[in-house]
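The lines below spell out each chain.
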Amino acid sequence: MVGTRALARLFDAADAGGSRLILVGDPHQLQSIEAGGVLRGLEKRMPTIGLTENRRQKHAWERTTLADLRAGEVGRFLTAYQAHGRIHIGDTADSAKQQLISHWSTQLRFQRDVAILALRRDDVADLNRLARQEMLNGRRLGSEALIVGDREFRTGDRVVCLRNQRADDLLNGMRGVVASIDPEARSVTVRLTDGTDRAVPTNYLDDGHLDHGYAMTMHKTQGLTADEALVLATDDLYQEAGYTALSRARFDTRVYVVADDFSDDPSIDLSHASESQSLSVEALLGRTLHRSRSDALAIDR
C-alpha cells in the first residue's frame, strides 16, 4: 500500500547505505492511495517468494472459493457463496443494513469478534450508529458516558484507533473495547483484541483519533483477522476491495447487497431482487467483483 514516490525515497536511502529492501504485500488486495504499482511491477520482472497455504479460513470450501475469487473466477465464487447461504439482498440500503445489523446482534451472546465492513465512510458511520443503538437497547453499555465532540464513549463500546501516537503505544487500526472511562481526566482505557490494555489520553480523544469500531472501512481492515465478517456490498465495490473484505474472517463471512445501488444498469431487473436471488446475485456482484482498480507503473502503461 506504499506509493511509488515514497518507495523511491526508501530505495535511494537503502542504496546509499548498502542495504536492501524486502517488500511484503499482495497485488490482489487494496492498492496505495497515491500512485503505485511497484509491487506488481517487480512481481512481473523478478522471482518472488509467495505464500501458498491459507491458514486463516477454517472451512476448506471457503479457502477454495477465495482462491477462485483471487484468480478472477467470480462466477465460481458466487455459486459457492450462494450455496452456503452467505449472500443476502436488501432492496434498499436501509433494508440491507438492517439485515446486517440484525444478524450482528444475534452474535453478541457468543462473544465472537465480528467485523462489519463497508467501502464508503458514510455507510460505516451509519452502521456504527445502528450497531451502537443495538448495544444501548440491549443495555450492554455502561451507564456513565464520556462526551468527546460528536462522539459518546461508554464502557463496552467497540472502538478503533485512527492515528499512530507511538508515545502512548497507540497505532492506527488498533481495535478493542472500552474497559473503563475517567470523566474527570477525560480519558479511557481500551482492552485490545489481544487482551492487553491501552490508556487513551485526552489529546488523542479531542483530536478525534478514537472512533466507534463496530463498523470499519475496507481499507482500515487490510491485515485484520476476525471470527466473522459482515460485508456491505454497494455498486462501487471492486475486485481488490472485495477480495480484501471477503478474506478477513476465520469462520463466517456474509455479504449484504444493496440492490437499488445498481438500479441505473438497464440490464438488471430489480423488481423482484430479494425474491430472485440466483439471477440478481450474479447480475449485481458479478459486475463489481470483475472490476479491477489495480495500480500499474507508468512505464508499464
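Read on for an overview of the structure. Computed from a predicted model, the values in this text were never measured in an experiment.

What to know about the overall build of the protein
Each helix and strand in the protein was counted, giving nine helices and twelve strands. For the protein, whose C-alpha radius of gyration is 21 Å, the value lies close to the compact-globule estimate of 19 Å for 301 residues. Expressed along its principal axes, the backbone C-alpha trace of the protein runs to roughly 65 × 60 × 35 Å. When burial is assessed residue by residue, the protein has 45% of its 301 residues classed as buried. Residue pairs in contact within the protein that sit at least 24 positions apart in sequence constitute 67% of those at least 6 positions apart. Put simply, the protein shows about 15800 Å² of open surface, and 48% of that area lies on carbon and sulfur atoms. Across the protein, the 39 positively charged side chains and the 44 negatively charged ones have centroids separated by 4 Å.

Some words on the sheet that holds strand β7 (residues 187-192)
Taken in spatial order, the five strands make up an open sheet running β8-β7-β6-β5-β9, and their pairing is antiparallel. Of all strands in the sheet, those bounded by a partner on one side alone are β8 (197-200) and β9 (210-212). On average, adjacent strands in this sheet sit at an angle of 40 degrees to one another, irrespective of strand direction.

What to know about the side chain of threonine 253
Relative to the helices and strands, threonine 253 resides in strand β12 (residues 249-258). Taking the relative accessible area as the measure of exposure, threonine 253 reaches 0% and is therefore buried. Apart from the residues within four sequence positions on either side, threonine 253 is in contact with Glu62, Tyr81, Arg86, Ala229, Val231 and Leu246.

Thoughts on the pattern of salt bridges
Following the criterion strictly, the structure yields 26 salt bridges and no others. Aspartate 26 serves as the salt-bridge partner of arginine 70, at 2.6 Å between the closest nitrogen and oxygen. With arginine 70 in helix α3 (residues 60-70) and aspartate 26 in the loop between α1 (4-16) and α2 (38-45), the pair connects residues that are 44 residues apart, well separated along the chain. Look at the salt bridges and you will find they share partners, linking Lys97, Arg120, Asp123, Asp126, Arg129, Asp235 and Asp236 into a network.

Re unusual backbone geometry
Phi angles above zero are rare outside glycine, and arginine 139 is one such case at about 55 degrees. Within the secondary structure layout, arginine 139 lies in the loop between α6 (121-137) and β3 (146-148). If you check the backbone angles, arginine 186 has positive phi at about 55 degrees while not being a glycine.

Quick look at the environment of glycine 173
Looking at the secondary structure, you find glycine 173 in the loop between β5 (158-161) and β6 (175-182). Of the residues examined, glycine 173 reaches a relative accessible area of 24% and is grouped as partly exposed. Among all residues touching glycine 173, those that are not within four sequence positions of it are Val160, Cys161 and Lys220.

Concerning the sheet that holds strand β10 (residues 215-217)
In sheet architecture, strand pairing relies on hydrogen bonds along the backbone and comes in two forms, parallel and antiparallel. What the five strands build is an open sheet, ordered β1-β12-β11-β2-β10; its pairing is parallel. Only two strands of the sheet have a single partner each, and these edge strands are β1 (87-90) and β10. Direction aside, neighbouring strands of the sheet carry axes that sit 25 degrees apart on average. Across seven bridges, the pairing between strand β11 (residues 226-233) and β12 is parallel. When the bridges of β12 are listed, glutamate 228 appears paired with aspartate 252.

About the cut-offs
- Residues numbered from 1 in each chain as written.
- Predicted model: local features only at pLDDT ≥ 70, side-chain atom pairs only at ≥ 80, totals over all residues.
- Heavy atoms only, no water.
- Helix = DSSP H or I, 4+ residues; strand = E, 2+ residues; numbered from the N terminus.
- Rg over C-alpha atoms; globule rule 2.2 N^0.38 Å.
- Buried < 20%, exposed > 50% of the residue type's maximum accessible area, 1.4 Å probe, protein only.
- Contact = heavy atoms within 4.5 Å.
- Areas by Shrake-Rupley, 256 points an atom, 1.4 Å probe, with all protein chains shown as cover.
- Lys, Arg positive; Asp, Glu negative; His and termini not counted.
- Charge placed at Lys NZ, Arg CZ, Asp CG, Glu CD.
- Pairing = 2+ DSSP bridges.
- Axes fitted to C-alpha atoms, helices over the stretch in contact; angles between N-to-C directions.
- Salt bridge = Lys/Arg side-chain N within 4 Å of Asp/Glu carboxyl O.

By themselves, these figures tell us nothing about what the structure is for.
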